[in-house]
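# Fold and contact review
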Amino acid sequence: MNFSQTLIALWTLVLKEIKRFTRIWPQTLLPPSITMAMYFIIFGNLIGSRIGDMDGFSYMDFIVPGLIMMSVITNSYSNVASSFFSNKFQRSIEEMMVSPMPNWVILSGFILGGMARGLGVGLIVTVVSLFFTRLTMEHPLLTVLVVVLTSALFSIGGFINALLANKFDDISIVPTFILTPLTYLGGVFYSISMLPDFWQGVSMLNPILYMVNVFRYGFLGVSDIPVGWALAAIFAFIIALFSIALAMLERGKGIRS
Amino acid sequence: MAEPALSIRGLTKVYGNGFQALKGIDLDVQQGDFFALLGPNGAGKSTTLGVVCSLVQKTAGKVTIFGIDVDKDFAKAKYQLGVVPQEFNFNQFEKVLDIVLAQAGYYGMTSREALPRAKQLLTDLGLWEKRNGSARMLSGGMKRRLMIARALMHRPKLLILDEPTAGVDIELRRSMWEYMRRINQYEGTTIILTTHYLEEAESLCRNVAIINNGDIVRNTSVRELLAELDTETFLIDLAEPVAEVPTIEGFELHQLEPTQLSLLVHRGQRLNDVFKALSEQGIEVVSMRNRANRLEEMFVSMVEGSGQGAIDQRVASSSDETKEVRA
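Rules behind the numbers
Residues numbered from 1 in each chain as written. Chains lettered and ligands numbered in written order. Predicted model: local features only at pLDDT ≥ 70, side-chain atom pairs only at ≥ 80, totals over all residues. Helix = DSSP H or I, 4+ residues; strand = E, 2+ residues; numbered from the N terminus. Rg over C-alpha atoms; globule rule 2.2 N^0.38 Å. Buried ≥ 20, exposed ≤ 12 C-beta atoms within 10 Å, placed from the backbone. Axes fitted to C-alpha atoms, helices over the stretch in contact; angles between N-to-C directions. Parallel < 35°, antiparallel > 145°, perpendicular 65-115°, else oblique. Left-handed = near helix turned anticlockwise from the far one by under 90°. Contact = placed C-beta atoms within 7 Å. Nonpolar A, V, L, I, M, F, W, Y, C, P; charged D, E, K, R; others polar. Pairing = 2+ DSSP bridges. Expected span 1.5 Å × (residues − 1). Bend = angle between axes of the 7 residues up to and from the residue. Right-handed = clockwise from strand over helix to strand, strands pointing away. pLDDT = per-residue confidence, 0-100. UniProt positions renumbered as here; feature names shortened; annotations may be inferred. Core = buried A, V, L, I, M, F, W, Y, C linked by C-beta atoms within 7 Å.

## Digging into the overall build of chain A
- Looking only at helices and strands, chain A has 11 helices and two strands in total.
- Its helices and strands in sequence order give chain A the pattern α-α-α-β-β-α-α-α-α-α-α-α-α, from N to C terminus.
- Its C-alpha atoms give chain A a radius of gyration of 19 Å, within 12% of the compact-globule value 18 Å for 257 residues.
- Seen along its three principal axes, the alpha-carbon backbone of chain A occupies a region of about 60 × 35 × 35 Å.
- Counting across all 257 residues of chain A, residues that qualify as buried make up 47%.

Spelled out as structure tokens, the structure:
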């Protein structure tokens, strides 16, 4: 395939993915908006007003970046996991496998599709948050960079999960038992400076903590951890996971007999 | 001589559980051919085609498509290839038009090229009116035609049809045959067909390979294969019931119903002798027809001869026109 044909193939796949999640918007776009509105009302307004300040900001202002990031992570991941697994299940993945599309285009197409949903939901949640607080951004470029990279990282994670999955249950295990606990313990609702030293150290092993903190730093200008360190870690994870996913795809893991 | 459309050398496939599906097969399909790949279930047909389409990873061997080694330039080889698989493999929730346009996009076709092509193919295959409907709303026959339209979007030079008319009614099957003949004759598309309807292979294909237990047991022209047929079985319908099976010297007759006989005719025997003998015994014949199509009889004898014992021969429909063999 020449360059323009490759771009057409990539765009076709991305567009197909976007059409898929917008066609089923009551399942993909609406629920996170409602859930996050509940978080804002209950934790931000009702309980938050009694908690007081966190790292010098109102509790509502503190949790908004974390909740946006939580939506981006879960939606990026689950979009690719469910879409790619559905393609495997319905065997429509064969449409791509018999075509001359290189494997990196297939992988990138699904990642970009996952990012489109993750970032789309992140935008919707951001708009919803404006009904509850006035958002300010201290470092807009950094905020955008970190949310885009995080979305890409978890889209790749969803892809690997779907490649390895043999049944629909297999694509819900990671989000339920790994992603959700790590997100809740990743400083979305609290500053890790509130934890005893030991648990602060344990928290530092949670990769989601870095993403939430850098994202919050972009909004509020405060972070529990060094920003440069966190960005480097996200980049490293993206490169490592992309390479693993591509190698699995080249070997036909889970899709070629 | 032009490169074969498909050339397979020493193709071997051993699955993870140790089952050897292909035992080093060699196969050539010439450009412009209409080629049948036949064999009972589990013989290795779909594995062979799966390797060609890169859906199955081969253990050993070489596959070239129009001289292009699929291991060396897989993208270029895939441009030559269109695939209609045995099972529906599109997203049932997508629109018909979206499915064919997406396939064109995967081959790098612009929407300006793809849209007229999609319109032409969907119209030819009777699906244009359904273009904005969800694919799951299509009937089984329409879904099969949708997969044919999708496979032809990028104008492949080699089309692989894996049981394209399975479960399709006779009228529709015949219209699909016409369409396949047309693209083979007028567009020069080489077609490889696997089918359980041996009448289909006999009617459409010029050359045939029979695969059994992972080996090619015959690779020849349909005409040559049929010339080897030694016997044919006919069904004879009688005007009145007969009390016992009539005896005719040199012929084997069995009574199936009070008014129906089966007759085994060897090569060189004359049917006139049968009619004459029956007439002399006062038995009036109403009609006569083949019990099965000729290729089917040949296929059963070959597969049984190569050790495939349990051939389940079944009639696909109540019509005598269509017979199906499945093992």
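## A word on the packing of helix α10 (residues 207-220) of chain A against helix α11 (residues 227-251) of chain A
Residue and element names in this part refer to chain A.
- Two elements in contact, α10 and α11, have axes separated by 9 Å at closest approach and are oriented at 125°. Judged on the interaxial angle alone, α11 and α10 are oblique. Seen along the crossing, α10 lies across α11 with a hand that is left-handed. Here Pro207, Tyr210, Met211, Asn213, Val214 and Tyr217 of α10 come into contact with α11, specifically with Val227, Ala230, Leu231, Ala233, Ile234 and Phe237.
- Here the contact of α10 with α11 is built from residues that sort into 11 nonpolar, one polar and no charged.

## Points about the sheet that holds strand β3 (residues 34-38) of chain B
All names here are of chain B.
- If you trace the six strands from one edge of the open sheet to the other, you get β6-β7-β8-β3-β9-β10, paired in mixed fashion. Taken across any chain shown, the strands that pair with only one partner, and hence form the sheet edges, are β6 (81-84) and β10 (215-221). Between one strand axis and the next, the sheet turns by 15° as a mean value, whatever way the strands run.
- As paired strands, strand β7 (residues 158-162) and strand β8 (residues 190-194) are joined by five bridges and run parallel to one another. Looking across to β8, one finds that Leu159 is bridged to Ile191.
- With respect to the sheet, helix α5 (residues 140-152) is in contact with β6 and β7, its orientation differing from that of β6 by roughly 170°.

## Regarding helix α8 (residues 170-184) of chain A
All names here are of chain A.
- An ideal rise of 1.5 Å per residue puts 21 Å on 15 residues; α8 measures up with 21 Å between its terminal C-alpha atoms.
- Remark: the principal bend of α8, roughly 25°, maps to Ile178, with a proline, Pro181, within the next four residues.
- Within α8 the residues assigned to the buried category are Ile171, Pro175, Leu179 and Thr183.
- On its buried side, α8 packs onto α4 (59-89), α7 (140-164) and α10.

## Considerations on the pairing of β8(B)
All names here are of chain B.
- Here β8 lies mainly inside the structure; five of its five residues are buried.
- With burial as the criterion, each face of β8 is covered, one bearing Thr190, Ile192 and Thr194 and the other bearing Ile191 and Leu193.
- Pairing analysis gives four bridges linking β3 to β8, with the strands arranged parallel. What sits directly across from Phe35, in β8, is Ile192.
- In this view, the connection linking β7 to its parallel neighbour β8 by way of helix α6 (residues 170-185) has right-handed handedness.

## Observations regarding the interface of chain A and chain B
- Counting residues at the interface gives 21 residues for chain A, matched by 24 residues for chain B.
- Put simply, the parts of the chain that give the side of chain A that touches chain B at least two residues each are α1 (3-23) and α5 (93-97) of chain A.
- The biggest single contributor to the side of chain A that touches chain B is α1(A), with six residues.
- Taken together, the residues of the side of chain A that touches chain B sort by class into eight nonpolar, eight polar and five charged.

## Quick word on the confidence of the model for chain B
Residue and element names in this part refer to chain B.
- Residues at a pLDDT of 70 or more form 88% of chain B, whose mean pLDDT is 85.
- No element of chain B has a lower mean pLDDT than strand β16 (residues 324-326), which averages 29, and none a higher one than helix α3 (residues 96-106), which averages 96.
- Ignoring residues within four places in sequence, the model shows residues 307-327, a span with pLDDT below 50, making 47 contacts including any to other chains.
- Across the predicted assembly, pTM comes out at 0.82 and ipTM at 0.88.

## Description of the UniProt feature "domain: ABC transmembrane type-2" (unreviewed entry) in chain A
- Within the UniProt annotation, "domain: ABC transmembrane type-2" (unreviewed entry) is assigned to residues 23-252 of chain A.
- Secondary structure over residues 23-252 of chain A splits into 77% helix and 2% strand, and the C-alpha atoms at its two ends are 29 Å apart.

## Concerning the nonpolar core
- Membership of the largest hydrophobic core comes to 148 residues, with the highest contact counts inside it found for A:Phe159, B:Val100 and B:Ile160.
- The dominant element in this core, judged by the number of residues it contributes, is α4(A), at 15 residues.
- If near-sequence neighbours (up to four positions away) are discounted, A:Phe159 is found in contact with A:Val80, A:Phe84, A:Leu107, A:Phe110, A:Ile111 and A:Ala245.
- If you look at the next biggest cluster of nonpolar residues, it comprises five residues, including B:Ile236, B:Leu263, B:Val274 and B:Leu278.

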